[in-house]
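Coordinate analysis (summary)
What follows is the residue order along each chain.
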Amino acid sequence: MKHENETKRGAQMRAAPEEKRGNHTVEKIGGTSMSRARELLDTILIGNRKEADLYERVFVVSAFGGITDKLLEHKKSGEPGVYALFAHADNDHGWMDALSNVSRAMLEINAELFDDAGDRNAADDFVRERIEGARGCLIDLQRLCSYGHFQLVEHMHTIREMLSALGEAHSANNLTLLLRRRGVNARFIDLTGWRDETQPDLHERIERAFADVEFARELPIVTGYTQCREGLMREFDRGYSEVTFATIAALTAAREAIIHKEFHLSSADPRLVGTDNVRKIGRTNYDVADQLSNMGMEAIHPNAAKTLRQAGVPLRVANAFEPHDPGTLIDAEPATEPGVEMVTGLPITSFELFEQDMVGVKGYDAAILEVLTRHRVRIVSKTSNANSIVHHVEAPLKAIRRVERDLKERYPSARITTRRASIVSVIGRELKGLGVMLKGLQALDKAGIEPISSHETGRCVDVQFVVRSEDCDKAVKALHSTFIESQEATPIKKAA
């Protein structure tokens, strides 16, 4: 039965014929943009649109900036939020105080957003109901798990999802109220499963929610988090909102999927190479999007990109605050001519295993891969020769030390070397005939940079240069100057 369901769903997600595509778009707004919700009303949400032009769109929203950090843990610093404090609670006060702080932060956002007292009161009541409901659930669970038959660890994924859902429900409800006050027939679609006793899978949850939606007459505002049997956070953690967004676009056969960011998808980090030197990409494909994800420059979560690509839905990355700029279109089409589109760098650790007796012996590669996978070390790239295998990885030092320990036990005579480095990648849909490897090495040499290594796969979509950590920014500038700034193109006015 499971196989039959997977086959059926796979068929549903395949590219729909053009005539069967809807007229609507599915659009996503991230947390940083949501924190400027008033501005969004005058740009992508309403702007100059009237009557019918307001509709045939679906908006999937993230929590307001900083709220998910308070609910879970700070994404960059690791400072504990409600979830982390509850998971390691020695007493009730830590996580309870943190949850109260979340409530206060949400109420402060409401006070800033709503001029109408009735709307503000409705928004505040919504926050109190959700926050106190979550508090009661956690207290009950904590009490239940004080008995030996119930283990708290078995429920932690569910708790993480429930807490995260509070942020998306808050932002989607607020945006719906704001739009209705402006005369828009907005509809709050809550996918968080709040007080829902059923356990549908992802597709079922979305299909139920959209069964009676009239795209031509309603503007759905949808939570980025979806409660489902699979447990989105278990697999995607904070990438769940883009998975929700992509699945909605695929299942509803959207004309186009659009991600609204605070910047344009550009040829490099403008803070590094200069705003006047970067170029808006404008048009690329999912192959390039995958390379960007591999380099930590996600235009979209790779699983979300896969869903859109398989469903034949093109993706547009646009600047939320420049509504008249079409942004960058990402689809499955190849390039019409070769060209470099982006240069980006990523700090990595080069993990090398050297074993003189490796040559001609099978099993080393598989063993290293098994250990890296077990310790959840992300591989960015790898190279090998007769007696050395080098993995360029992105992982905390403690995880790398565990890998080193395990492999030392398995191969006691091997020499394992780790060092901090950076990969600088030159990326484009079609690089064939551009001499990227040669010109790139010449550019690095001219800049006084001696690369550790360089390689390409032969697919002509990226060329990678491994350099010392301290040379990363310098290398990006040198390669961007050679492959982007020297070409005739129009610089974008704003990028960040």
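No experiment lies behind these values; they were computed from the predicted model shown.

**A look at the packing of aromatic side chains**
Tallied over the full model, the rule gives five aromatic pairs. The interplanar angle of 75 degrees and the centroid separation of 5.9 Å between the aromatic rings of Phe-126 and Phe-188 together place this pair among those described as edge-to-face. In this pair, Phe-126 is assigned in helix 7 (residues 117–144) and Phe-188 in strand 3 (residues 186–189), connecting sequence segments 62 residues apart. Judged by relative accessible area, which is 22%, Phe-188 ranks as partly exposed.

**Describing the nonpolar core**
Counting residues in each nonpolar core, the largest one holds 105 residues, and the members touching the most others are Leu-45, Leu-179, Phe-210, Ile-221, Phe-245, Leu-308 and Leu-315. Of all the elements, helix 8 (residues 156–181) adds the most residues to this core, at eleven residues. Formed by 22 residues, the second largest nonpolar core is a distinct cluster that contains Val-340, Met-437, Val-476 and Leu-479.

**With respect to empty space enclosed by the protein**
The gaps of empty space that remain are located by a probe, the size of a water molecule, rolled over the atoms. Enumeration according to the criterion identifies one cavity of 30 Å³ or more in this entry. Looking at the largest cavity, its volume works out to about 30 Å³. Forming the boundary of the largest cavity are Met-106, Phe-126, Val-127, Arg-130, Ile-131, Leu-166 and His-170. Every element with two or more residues in the lining of the largest cavity is listed here: helix 7 and helix 8. The element contributing the most residues to the lining of the largest cavity is helix 7, with four residues. Of the residues belonging to the lining of the largest cavity, the class tally is five nonpolar, one polar and one charged.

**Some details on the pairing of strand 4 (residues 219–223)**
For strand 4, the buried fraction is high: five of the five residues fall into the buried class. What you see with strand 4 is no split at all: Leu-219, Ile-221 and Thr-223 on one side and Pro-220 and Val-222 on the other are buried throughout. With three bridges joining them, strand 2 (residues 57–61) and strand 4 adopt parallel strand pairing. Pairing of Val-60 across the sheet is with Val-222, part of strand 4. Note: strand 3 against strand 4, four bridges, orientation parallel. Pairing of Ala-186 across the sheet is with Leu-219, part of strand 4. Running through helix 9 (residues 202–209), the crossover from strand 3 to the neighbouring parallel element strand 4 is right-handed.

**Points about the pattern of salt bridges**
Following the criterion strictly, the structure yields 30 salt bridges and no others. For Glu-73, the salt bridge identified is with Arg-160, shortest N-O distance 2.8 Å. Of this pair, Glu-73 sits in the loop between helix 4 (67–71) and helix 5 (82–87) while Arg-160 sits in helix 8, and the two are 87 residues apart along the sequence. Of the two residues examined, Glu-73 and Arg-160, each falls in the buried class. With a shortest N-O distance of 2.9 Å, Arg-316 and Glu-256 are connected by a salt bridge. Of this pair, Arg-316 sits in strand 7 (residues 315–319) while Glu-256 sits in strand 5 (residues 256–261); the two residues are 60 residues apart in sequence, bridging distant segments of the chain.

**Structural notes on the confidence of the model for the protein**
Per-residue pLDDT for the protein averages 89, and the proportion of residues at 70 or more is 92%. Ranking the helices and strands of the protein by mean pLDDT puts strand 4 first, with 98, and helix 1 (residues 2–13) last, with 46. Below pLDDT 50 for its whole length, residues 1–12 participates in six contacts with residues either more than four positions away or in separate chains. Scored below 50 in pLDDT, residues 488–496 makes 20 contacts in the model with residues more than four places away or belonging to other chains.

**Re unusual backbone geometry**
Of note in this structure, Glu-51 is not a glycine but carries a positive phi near 50 degrees. The topology assignment puts Glu-51 in the loop between helix 3 (37–45) and strand 2. Using a relative accessible area of 67% as the deciding quantity, one classes Glu-51 as exposed. With phi around 60 degrees, Glu-56 is a residue other than glycine that occupies positive phi space. With respect to the helices and strands, Glu-56 occurs in the loop between helix 3 and strand 2. Take Glu-56: its relative accessible area is 23%, and that puts it in the partly exposed class.

**Overview of the sheet that holds strand 3**
For sheets, the rule is that strands pair by backbone hydrogen bonds, running either parallel or antiparallel. The strand order 3-4-2-1-5-7-8-6 describes an open sheet built from eight strands, whose pairing is mixed. On the outer flanks of this sheet lie strand 3 and strand 6 (283–285), each paired with one strand and no other. For this sheet, the mean inter-axis angle between neighbouring strands, taken without regard to orientation, is 25 degrees. Its contacts with the sheet place helix 8 against strand 2, strand 3 and strand 4, and it is angled at close to 165 degrees to strand 3.

**Digging into the sheet that holds strand 13 (residues 453–456)**
Taken together, the six strands give an open sheet; going across it, the order is 10-11-9-12-14-13, and neighbouring strands pair in antiparallel fashion. Both outer strands of the open sheet, strand 10 (378–384) and strand 13, are each paired with one neighbouring strand and no more. For this sheet, the mean inter-axis angle between neighbouring strands, taken without regard to orientation, is 30 degrees. Looking at chain direction, strand 12 (residues 415–427) and strand 14 (residues 462–468) are connected through seven bridges and run antiparallel. By the bridge assignment for strand 14, Val-426 is matched with Val-463. Strands in contact with helix 18 (residues 472–485) are strand 9 (342–354), strand 12 and strand 14; relative to strand 9, the strand with the most contacts, it is inclined by about 130 degrees.

What counts, and at which threshold
Starting from 1, residues in each chain are numbered consecutively following that chain's sequence as written. Confidence filtering applies because this is a predicted model: local features only for residues at pLDDT of at least 70, side-chain atom pairs given and counted only at 80 or more, and all residues used for totals across whole chains, interfaces and linings. Note that the side-chain values use all heavy atoms of the structure and ignore hydrogens as well as water. Aromatic pairs are defined between Phe, Tyr and Trp rings, using the six-membered ring for Trp, whenever the two ring centres lie within 6.5 Å; interplanar angles under 30 degrees are classed as stacked, those over 60 as edge-to-face, and all others as tilted. Under the scheme used here, helices are H or I runs from DSSP no shorter than 4 residues and strands are E runs no shorter than 2 residues, and both carry numbers assigned from the N terminus. Note on classification: 1.4 Å probe, protein chains only; a residue is buried when its accessible area is under 20% of the maximum for its type, exposed when over 50%, partly exposed between these limits. We define the nonpolar core as a collection of buried residues of types Ala, Val, Leu, Ile, Met, Phe, Trp, Tyr and Cys that are connected through side-chain atoms lying within 4.5 Å of one another. Definitions used for this entry: grid spacing 1 Å over protein atoms alone; cavity, a set of points where a 1.4 Å probe fits but cannot get out; pocket, an open set with protein on both sides within 12 Å along at least 5 of 7 lines; lining residue, one with an atom within 4 Å of a point. Grid points are joined across faces, edges and corners, and a volume is the space filled by probe spheres set on the points. Residues are grouped as follows: nonpolar covers Ala, Val, Leu, Ile, Met, Phe, Trp, Tyr, Cys and Pro; charged covers Asp, Glu, Lys and Arg; every other residue, Gly included, is treated as polar. Should DSSP find at least two bridges between two strands, the strands are regarded as paired. Viewed with both strands pointing away, a crossover whose connecting path from the first strand over the helix to the second turns clockwise is right-handed. Note on definitions: salt bridges are taken to be side-chain nitrogens of Lys or Arg within 4 Å of carboxyl oxygens of Asp or Glu. Per-residue confidence from the predictor is reported as pLDDT, which spans 0 to 100. Contacts are residue-level and defined by heavy atoms, with any inter-residue pair within 4.5 Å sufficient. As a rule, the C-alpha atoms of each element are fitted with a line to give its axis, helices using only the stretch in contact, and angles between N-to-C directions run from 0 to 180 degrees.

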